[in-house]
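# What the coordinates show
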Amino acid sequence: MSDIKNSDAPINTTTIDKNLVDAPTNNIYEAISIISKRASQINGDIKKELLEKLDEFATYNDSLEEIFENKEQIEVSKFYEKLPKPHALAVQEWLEGKIYHRNTQDEEI
């Protein structure tokens, strides 16, 4: 997870050359499918880590009148909001060759 926090993936929208994206597979649809699956994995990891950190601040009250702001909880939430989006991280990993993939149709049984 520390790689994600130190990633140089763009936070804003950037244009990427299609030829760079489909170069490893020679098929843009296959490349996008792989990137999409990796983005889902990254999103799950981020969500799990965020929920674990927010659980540390959880207070279990039945009273709705006692709502208070926890500054640390707000800071944790803001930090995760500022992270690059999972799809941007997945594209960055793909372009850097950090995602392992294989085509099972090419393998002989």
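This write-up is about the structure you can find in this document. (Residues numbered from 1 in each chain as written. Predicted model: local features only at pLDDT ≥ 70, side-chain atom pairs only at ≥ 80, totals over all residues. Heavy atoms only, no water.)

### A short note on helix 3 (residues 28–55)
Quick note on the threshold: In this text, helices come from DSSP runs of H or I with a minimum length of four residues, and strands from runs of E with a minimum of two, each type numbered from the N-terminal end. Here the expected span of a helix is defined as 1.5 Å times the quantity of residues minus one. Polar contact is the term for a pair of N or O atoms within 3.5 Å; when the atoms are in protein, one must be able to donate a hydrogen and the other to accept it, and sequence-neighboring residues count only if both atoms are side-chain atoms.
In a regular helix each residue adds 1.5 Å, so 28 residues correspond to 40 Å; helix 3 covers 40 Å between its end C-alpha atoms and thus fits that length. A side-chain oxygen of the first residue of helix 3 lies 2.9 Å from the backbone nitrogen of Tyr29; this N-cap is Asn27.

### Some remarks on the packing of helix 3 against helix 5 (residues 86–95)
The following threshold applies: Inter-axis angles, ranging from 0 to 180 degrees, are taken between N-to-C directions of lines fitted to C-alpha atoms, where helices are fitted over the stretch in contact. When describing relative orientation, an angle under 35 degrees is termed roughly parallel and one over 145 degrees roughly antiparallel, while 65 to 115 degrees is termed roughly perpendicular and anything else oblique. By convention, the crossing between two helices is left-handed when the near helix turns anticlockwise from the far helix through less than a right angle, and right-handed when the turn is clockwise. Should any heavy atoms of two residues lie within 4.5 Å, those residues are counted as being in contact. Throughout this entry, Asp, Glu, Lys and Arg are counted as charged residues, while Ala, Val, Leu, Ile, Met, Phe, Trp, Tyr, Cys and Pro are counted as nonpolar. The remaining residues, Gly among them, count as polar.
Running from N to C, helix 3 and helix 5 cross one another at 125°; their axes reach a closest spacing of 8 Å. For the element pair helix 3 / helix 5, the angle class is oblique. Between helix 3 and helix 5 lies a crossing of right-handed hand. Two secondary-structure elements touch here, helix 3 through Ala31, Ile34, Ile35, Arg38, Ala39, Ile42, Asn43 and Ile46 and helix 5 through Pro86, His87, Leu89, Ala90, Val91, Glu93 and Trp94. Classifying every residue of the contact of helix 3 with helix 5 by side-chain character gives 11 nonpolar, two polar and two charged.

### Looking at the nonpolar core
Using the following cut-off: The nonpolar core is taken to be a set of buried Ala, Val, Leu, Ile, Met, Phe, Trp, Tyr and Cys residues, with the residues joined through side-chain atoms within 4.5 Å. Exposure categories follow from relative accessible area, calculated using a 1.4 Å probe and restricted to protein chains: below 20% of the type maximum is buried, above 50% is exposed, and the middle band is partly exposed.
Within the largest apolar cluster, 18 residues are counted, with the highest numbers of intra-cluster contacts made by Val21, Ile35 and Trp94. Mapped onto this core, the elements with two or more residues apiece are helix 3, helix 4 (71–82) and helix 5. Per element, the largest residue contribution to this core is seven residues, and it comes from helix 3.

### Some details on the pattern of salt bridges
The condition is simple: By salt bridge we mean one thing: a side-chain nitrogen of Lys or Arg within 4 Å of a carboxyl oxygen of Asp or Glu.
Summed over all chains, the structure comprises three salt bridges. The salt bridge involving Glu93 is made with Arg38; its shortest N-O contact spans 2.6 Å. Of this pair, Glu93 sits in helix 5 while Arg38 sits in helix 3; the two residues are 55 residues apart in sequence, bridging distant segments of the chain. A relative accessible area of 17% means that Glu93 is categorised as buried.

### Describing the packing of aromatic side chains
The criterion, for reference: Put simply, two rings from Phe, Tyr or Trp (the six-membered ring, in Trp's case) pair if the centres are within 6.5 Å, and we call them stacked under 30 degrees between planes, edge-to-face over 60, tilted for the rest.
Applying the stated criterion to the full structure yields one aromatic pair. The interplanar angle of 90° and the centroid separation of 5.4 Å between the aromatic rings of Phe79 and Tyr80 together place this pair among those described as edge-to-face.

### Details of unusual backbone geometry
Residues other than glycine predominantly adopt negative phi, and peptide bonds predominantly adopt the trans conformation. In this model, Asn26 sits at a positive phi of 60°, which is unusual for a non-glycine residue. Assignment of secondary structure puts Asn26 in the loop between helix 2 (18–22) and helix 3. Judged by its relative accessible area of 70%, Asn26 falls in the exposed class.

### Remarks on the side chain of Thr25
Following the sequence through the fold, Thr25 ends up in the loop between helix 2 and helix 3. The exposure class of Thr25 is buried, given its relative accessible area of 15%. From its side chain, Thr25 meets the backbone oxygen of Asn27 in a polar contact 2.9 Å long. Once you skip the residues sitting within four places of it in the chain, Thr25 turns out to touch Glu30, Ala31, Ile34, Trp94 and His101.

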